[in-house]
Each structure stands twice: as C-alpha cells, then as structure tokens.
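If you want the building blocks of each chain, they are given just below.
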Amino acid sequence: LDARLTAQDGLYRLVGTVFPGDIVQGIGARALGREVGIEAEGTLAAAVVQGDFTLDGAGLDLSGTGGIDLADKEWRDLRLVGLVDDPELLGTGLRLADARVEALLDGPIGALRVPHSITVGRLQTGNVVFANLTQRGVLTARNGQLVLPLAARVARVSSGLAEADRRLGRTG
C-alpha cells in the first residue's frame, strides 16, 4: 500500500495505490492488475463507516457509496458500480464491450445477499456475438461458495452463418 490518509473535521480521505500481489487470483487478479488506484472519502462515527470510494484496476473500475457498520457487522446500503475496461477480462476468446455491473450490499455481512444487474453491450466468442445481454438476480453465499443464478436475456444473437442468422433473426 502506498497511500496518504488525511482527516479534517471528521472527514477521512484515502488516496493512493494498492499492490494486491498474490492475494487475489484468477479473474479478480486480472480485474485488479498489479497496481490499483484507490480514492476513498467518508466519516467514521459510532463504528459506522459512511462514504464513497473508487478503485481503478487494470480490467475493472469499481465505485461505491454507502456504509459498513463495523460493530453490528452489517452493510449499510452500499451501492457498487463496476465498469469493465479489459475486453478479455473473462479470458482470451471471450470479448466484452460496454460491460457494467451494479450491486447492492445491505444487511448482515455473514448472510450475504446481493441483488445485482449485469449488462453487456456485446459479448463475442469466435464468430458468435450476443448483443445487449442483461442478467439480473441475487448473489448469495452457501457453504463458503458464492452462488450466482443465471437468468440472462439477450436482444440478438449472431452466429456468422447466414442461414442460422436468418433463423435467429425471426420472431413470433
């Protein structure tokens, strides 16, 4: 961590760079990169941290506003927005464009329940292109594992094969 923490009139501000190293693996490591810019500003009163932050990672920018009750171990209306910067964040051969995640953390930290929405303007694998993909649901934790039910919708699918694309384009 290379950062500066300041406090003035009950308002705390943190600006700097975090170096995640080997703490994060896989997609998380690609999202963060080797250096993550951080800016956070907020208050701390009665064990409640309230404010906003931004993280500038190599493949994902994340911002949030809300709070955490440290005494009661609860999220307090913490709203997150993530914007994908790396088109190959999910791996080579799978390209994302205009990808965005919105999530809400509210309630006990130990009973994780995260309503969210994911939107992707374009998702491409090989010649197959999905346009305007949306996913809405609730992320939970079960037995130490994150559970993300998928219920995605897509406006259009293009396969690159003329006959298949004609059939995919039909409605009714």
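Now for a quick tour of the structure.

1. What to know about unusual backbone geometry
Here Ala47, not a glycine, exhibits a phi torsion of approximately 65°, which is positive. Relative to the assigned elements, Ala47 resides in the loop between strand 3 (36-45) and strand 4 (48-56). Unusually for a residue other than glycine, Asn132 sits at a positive phi of about 55°. In this structure, Asn132 sits in strand 9 (residues 128-142).

2. What to know about the pairing of strand 2 (residues 11-18)
Inspection of the sheet shows strand 1 (residues 2-8) paired to strand 2 by seven bridges, in the antiparallel sense. Residue Asp2 lies in a different strand from strand 2, and its bridge partner there is Thr17. Connecting the antiparallel pair strand 1 and strand 2 is a turn made up of two residues, with Asp9 showing a positive phi of about 55°. Examined bridge by bridge, strand 2 and strand 3 share seven bridges and lie antiparallel to one another. What sits directly across from Gly16, in strand 3, is Ile38.

3. A closer look at a nonpolar patch on the surface
On the surface, Leu5, Tyr12, Leu44, Val49 and Leu70 cluster together to form a nonpolar patch covering roughly 470 Å² of accessible area. On the basis of relative accessibility, which here comes to 35%, the residue Val49 falls in the partly exposed class.

4. Side note on the nonpolar core
Residues Trp75, Leu78, Leu80, Ala103, Leu105, Val114 and Leu139 constitute the largest nonpolar core, which totals seven residues. Among the secondary structure elements, those contributing two or more residues to this core are strand 6 (74-84) and strand 7 (95-108). Of all the elements, strand 6 adds the most residues to this core, at three residues. In contact with Leu139, other than residues within four places in its own chain, are Leu112, Arg113, Val114, His116, Leu146, Val147 and Leu148. Residues Leu96, Val120, Leu123 and Leu133 belong to the second largest nonpolar core, which totals five residues.

5. Section: the side chain of Ser117
Here Ser117 is to be found in strand 8 (residues 113-125). Assessed through its relative accessible area of 15%, Ser117 is described here as buried. Here Ser117 is in contact with Arg100, Val101, Glu102, Gln135 and Arg136, once residues within four sequence places are set aside.

Conventions we followed
- Residues numbered from 1 in each chain as written.
- Predicted model: local features only at pLDDT ≥ 70, side-chain atom pairs only at ≥ 80, totals over all residues.
- Heavy atoms only, no water.
- Helix = DSSP H or I, 4+ residues; strand = E, 2+ residues; numbered from the N terminus.
- Pairing = 2+ DSSP bridges.
- Patch = residues over 30% accessible without salt bridge, like charges linked within 9 Å, V, L, I, M, F, W, Y side chains within 5 Å.
- Areas by Shrake-Rupley, 256 points an atom, 1.4 Å probe, with all protein chains shown as cover.
- Salt bridge = Lys/Arg side-chain N within 4 Å of Asp/Glu carboxyl O.
- Buried < 20%, exposed > 50% of the residue type's maximum accessible area, 1.4 Å probe, protein only.
- Core = buried A, V, L, I, M, F, W, Y, C linked by side-chain atoms within 4.5 Å.
- Contact = heavy atoms within 4.5 Å.

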